[in-house]
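Each chain, written out:
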Amino acid sequence: MALLSEKLQQVFEEPACAKNLAKSTKERKQGCTKQLTPGAAAGGCAFDGAKIALQPITDVAHLVHGPIACEGHSWDNRHSLSSGPGTYRTGFTTDISELDIVYGGEKRLYRAVKEIIDKYDPPAVFVYQTCVTALIGDDIEAVCKAASAKFGKPVIPVNVPGFAGVKNLGNKLAGEALLDHVIGTQEPAFTTPYDINIIGEFNLSGELWQVKPLLDAMGVRVLACISGDARYAEVACSHRARATMMVCSKAMINVARKMEERYGIPFFEGSFYGIGDMSDSLRQIARLLVDRGAPDDILGRTERLIASEEARAWARIEPYKQRLRGRKVLLITGGVKSWSVVAALQEAGMEIVGTSVKKSTREDKDRIKEIMGDEAHMIDDMSPREMYKMLKEARADIMLSGGRSQFVALKAKMPWLDINQERHYAYAGYEGIVSLVAEIDKTLSNPVWDHVRAPAPWDPPQPPAAGM
Ligand code: SF4
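The rules behind each value
Along each chain, the written sequence defines residue order, and numbers are assigned to residues from 1. Under the rules for a predicted model, residues below a pLDDT of 70 receive no local features and side-chain atom pairs below 80 are neither given nor counted, while totals for whole chains, interfaces and linings still include all residues. No hydrogens and no water enter the side-chain calculation; it runs on all heavy atoms of the structure. Runs of H or I in DSSP of at least four residues are treated as helices and runs of E of at least two as strands, each being numbered from the N terminus. Each residue is placed in one exposure class: buried if its accessible area under a 1.4 Å probe, protein chains only, is under 20% of its type's maximum, exposed if it is over 50%, and partly exposed if it falls in between. By definition in these notes, contact holds between two residues if any of their heavy atoms fall within 4.5 Å. Surface exposure here means Shrake-Rupley accessible area, sampled with a 1.4 Å probe, where a residue is shielded only by the protein chains that are shown. The near set for a molecule or strand comprises every residue that places at least one heavy atom within 4 Å of it. The residue classification treats Ala, Val, Leu, Ile, Met, Phe, Trp, Tyr, Cys and Pro as nonpolar and Asp, Glu, Lys and Arg as charged. All others, Gly included, are polar. The term nonpolar core refers to a set of buried residues drawn from Ala, Val, Leu, Ile, Met, Phe, Trp, Tyr and Cys, joined through side-chain atoms within 4.5 Å. Whether two strands pair comes down to DSSP finding at least two bridges between them. Only the stretch in contact is used when a helix axis is fitted, and all axes are lines through C-alpha atoms; the angle between N-to-C directions ranges over 0 to 180 degrees. Every angle not falling under 35 degrees, over 145, or within 65 to 115 is termed oblique; those three ranges are roughly parallel, roughly antiparallel and roughly perpendicular. Crossing handedness is defined as follows: a turn of the near helix away from the far one that is anticlockwise and smaller than a right angle gives a left-handed crossing, while the clockwise case is right-handed. Pairing of aromatic side chains here covers Phe, Tyr and the six-membered ring of Trp, requires ring centres within 6.5 Å, and sorts the geometry by plane angle: under 30 degrees stacked, over 60 edge-to-face, intermediate tilted. Any Lys NZ or Arg CZ that is within 6 Å of a ring centre and within 35 degrees of that ring's normal is treated as a charge sitting over the ring. By convention, orient the strands away from the viewer: a clockwise path from the first strand over the helix to the second makes the crossover right-handed.

1. Re the overall build of the protein chain
Here is step 1: Scanning the protein chain for helices and strands turns up 21 helices and 13 strands.
Here is step 2: Evaluated residue by residue, the protein chain yields a buried proportion of 53% over its 468 residues.
Here is step 3: Pairs at least 24 residues apart make up 72% of the contacts formed inside the protein chain by residues separated by at least 6 positions.
Here is step 4: A total of about 21200 Å² of accessible surface is found on the protein chain, and carbon and sulfur atoms cover 54% of it.

Shown next as C-alpha cells:
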C-alpha cells in the first residue's frame, strides 16, 4: 500500500495540468476528487478508469484480480474496436471467493496467469488490483514479478484498487503502469521522421480509423496509439516517436508529460471533433514533426489535404444545414470535450442553448466563451429536474448527452442522441462530423416523436384552448 499512496501523491502533483497548478499544496494533496452529494451517482472507480484506459490494447490478456463483479462491471463497456486480435475482449478474472479472502489470493493469481499463458499465449498479461484483493493484502507486484521471471513474458501489475479514487485517477494510474513497466522496453524495427504517438484516443466505435487515413495521406506513421487498437509491442516501442498528440483529455496527461521529460518527445493537446479542430490538429502534427527535423514538404502536403477534405465535408453537410439551421441543442457531455462539439454543431448551423462545463478546465471554458461569445450558455451542474424542465418547455429541440441522462429526455418526449463514450457511432475527423450531423438529423426527424407526443386513445379529450 505504501507504493500505491506514493503513486497517488505523484499523480496529484501534475505540473502539466493548469488546474492542478492553481491549487495550494494542501488542496493538491487531497487530489481532484470532489465530495459526493448523498444520493448522487458516483461514476466509475479507479479500477474502472484503468480498465477503460488499457483494455483497448487488443493483443493483451487483461486479468482482473478480484471478485467476478469487478470484471463484469468493467468489461468492454466502451465499444473500443480492434483491427486484429480479439484477446482484449475475453474476460479474465481470478473470481476471488470467501476462501481466498481467508487464505489470500496470490497463489490463485499466479495459477491464473499460468493458465492464460498456456492457453492464449498473449504478448503480455495485465493484472488489475481491485478493492477486495488490495484489502486482504495480496501483493500483485510480487506475483507479477515472479510470474514474469518464470514464464519469460511481461506480466504487468496495474495497482488500481477502486477505493483509491475516481475513474479519472484510474486513467492516470494506468498510464503510470505503462510508464513503469511497458514504455521503452522494446525497440521498433525501424523509425521514420514522421513517427507520432497519439495518447488518450481509445478507438471508440472505430474513431481512430476515421483519422488514420488522413495521417497516412500526410505520410505520418502512428507508432503507437495509447491505447486505441494498440498492440503491446507498439506501446513498448512508443518512446521512439518524434511527437505526441494528446487527444482532448487530460486523463493521461502524465504519460505525455513524462514521455517529454524522459525521451524528449514534445506534445500538444488537440481534438479530432469538428472540421476546424481536425484541421488544426493535422497542422500541429505536421509543424511539430518539422520542428523535430522532418522535411518541411509535409506542411504543403498537409494544407492540400486539409483543403480537399474540408471542401468534401462541407459539401456533404450542406444538405443537412438547410434542415438543421436554428435547431436548438442542449449539450450535456463529460467525456468528449465540450468546446470541440460546440464548434462542430455550430458548423452545422445549430444553436447551442446550453453546454455543460462541469468537467471542463479553465482553458476549455475560455475556448467555449471564444466560440459561443456568451458565458450564460455554460452550465456548471444541471440537475435532471432542470434538464427535464428545459426540454419540456421546448427551450431545446434535442439533447446530446451520455446514456445516463437519456431517460430525462425520453420522459420529456424529446429527441436524444448518445454522444459520450458508450456511443455506437464514430464521430471523429471530417467523416465523423458528417455522421454526427446525419445522426442528429435522423433523431430530430424520427416520426416516433409525433406519436409519443400525441394523446393516448384512452385519454379523455382535451378541452379546446381559450379563445377558440
Ligand atoms: S469499487 Fe472496488 S469492488 Fe467496486 S468495481 Fe471498483 S474495484 Fe471492484
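Next comes the rest of the write-up.
2. A look at the environment of Phe-47
Here is step 1: The topology assignment puts Phe-47 in helix 4 (residues 46-54).
Here is step 2: Phe-47 sits 118 residues away from Gly-165 along the chain, and the two C-alpha atoms are 8.7 Å apart.

3. Some remarks on the site of the ligand
Here is step 1: All residues in the neighbourhood of the ligand are listed as Cys-45, Phe-47, Cys-70, His-73, Thr-130, Cys-131 and Gly-162.
Here is step 2: Grouping the amino acids of the shell around the ligand by side-chain chemistry returns four nonpolar, three polar and no charged.

4. Examining the nonpolar core
Here is step 1: Within the largest apolar cluster, 54 residues are counted, with the highest numbers of intra-cluster contacts made by Leu-215 and Ile-440.
Here is step 2: Ignoring any residue separated from it by four or fewer positions in sequence, one finds Ile-440 in contact with Leu-324, Leu-345, Met-350, Ile-398, Leu-400 and Leu-417.
Here is step 3: Residues Val-11, Val-60, Val-158 and Val-255 belong to the second largest nonpolar core, which totals 44 residues.

5. What to know about the environment of Cys-225
Here is step 1: Mapping Cys-225 onto the fold places it in strand 6 (residues 221-227).
Here is step 2: For Cys-225, a relative accessible area of 4% translates into the label buried.
Here is step 3: Residues Cys-225 and Thr-244 lie 19 residues apart in sequence; the distance between their C-alpha atoms is 9.6 Å.
Here is step 4: Residues within four places of Cys-225 in sequence aside, it is in contact with Ile-198, Glu-201, Leu-208 and Ala-230.

6. Looking at the sheet that holds strand 2 (residues 92-93)
Here is step 1: An order of 2-1-3-4 is seen for the four strands of this open sheet, with the pairing classed as parallel. A strand with exactly one partner marks an edge of an open sheet, and here the two such strands are strand 2 and strand 4 (155-158).
Here is step 2: For strand 3 (residues 125-129) and strand 4, the ladder comprises four bridges, and the chain directions are parallel. Its bridge partner being in strand 4, Phe-126 is matched across the sheet by Ile-156.
Here is step 3: Against the sheet, helix 9 (residues 140-151) touches strand 1 (61-65), strand 3 and strand 4, its axis set at about 175° to strand 4.
Here is step 4: Against the sheet, helix 10 (residues 167-181) makes contact with strand 3 and strand 4, and its axis sits at roughly 145° relative to strand 4, the strand it touches most.

7. Focus: the packing of helix 11 (residues 208-218) against helix 14 (residues 275-291)
Here is step 1: Viewed as axis vectors pointing N to C, helix 11 and helix 14 meet at an angle of 40°, and their least axial separation amounts to 12 Å. As the angle between them shows, helix 11 and helix 14 are arranged oblique. As helix 11 runs across helix 14, the sense of the crossing is right-handed. The residues of helix 14 that touch helix 11, namely those facing Val-211, Leu-214, Leu-215 and Met-218, are Met-278, Leu-282, Ile-285 and Ala-286.

8. Structural notes on the packing of aromatic side chains
Here is step 1: Under the criterion given, the structure shown has four aromatic pairs.
Here is step 2: Judged by centre distance (6.1 Å) and plane angle (80°), the rings of Phe-47 and Tyr-128 are edge-to-face. Highlighted residues: Phe-47 in helix 4 and Tyr-128 in strand 3, separated in sequence by 81 residues. In terms of burial, Phe-47 and Tyr-128 fall into one category: buried.
Here is step 3: Consider the rings of Phe-126 and Tyr-232, whose centres lie 6.2 Å apart with planes at 80°: the pair is edge-to-face. Of this pair, Phe-126 sits in strand 3 while Tyr-232 sits in helix 12 (residues 232-236); the two residues are 106 residues apart in sequence, bridging distant segments of the chain.
Here is step 4: Since its relative accessible area comes to 0%, Phe-126 is described here as buried.
Here is step 5: With a relative accessible area of 2%, Tyr-232 lands in the buried category.
Here is step 6: Sitting above the plane of the Tyr-128 ring, Lys-51 keeps its charged end 6.0 Å from the centroid.
Here is step 7: Cation over ring: Arg-301 sits above Tyr-194, and NZ or CZ is 5.9 Å from the ring centre.

9. Let's talk about the sheet that holds strand 11 (residues 378-379)
Here is step 1: Strand order in the open sheet formed by five strands is 11-10-9-12-13, with parallel pairing between adjacent strands. Looking at the sheet topology across the chains shown, the edges are occupied by strand 11 and strand 13 (416-418).
Here is step 2: As paired strands, strand 12 (residues 398-401) and strand 13 are joined by three bridges and run parallel to one another. Across the sheet, Met-399 pairs through a bridge with Trp-416, a residue of strand 13.
Here is step 3: Taken strand by strand, helix 18 (residues 384-392) contacts strand 9 (328-332), strand 10 (351-356) and strand 12, and its axis lies near 170° from that of strand 9.
Here is step 4: Across the sheet, helix 20 (residues 429-444) lies against strand 12 and strand 13, angled at about 145° from strand 13, the strand it touches most.

10. What to know about the pairing of strand 6
Here is step 1: Counting buried positions along strand 6 yields six of seven residues, so the element is predominantly enclosed.
Here is step 2: As paired strands, strand 5 (residues 195-201) and strand 6 are joined by six bridges and run parallel to one another. Residue Asn-197 lies in a different strand from strand 6, and its bridge partner there is Ala-224.
Here is step 3: Considered for its hand, the β-α-β crossover made up of strand 5, helix 11 and strand 6 is right-handed.

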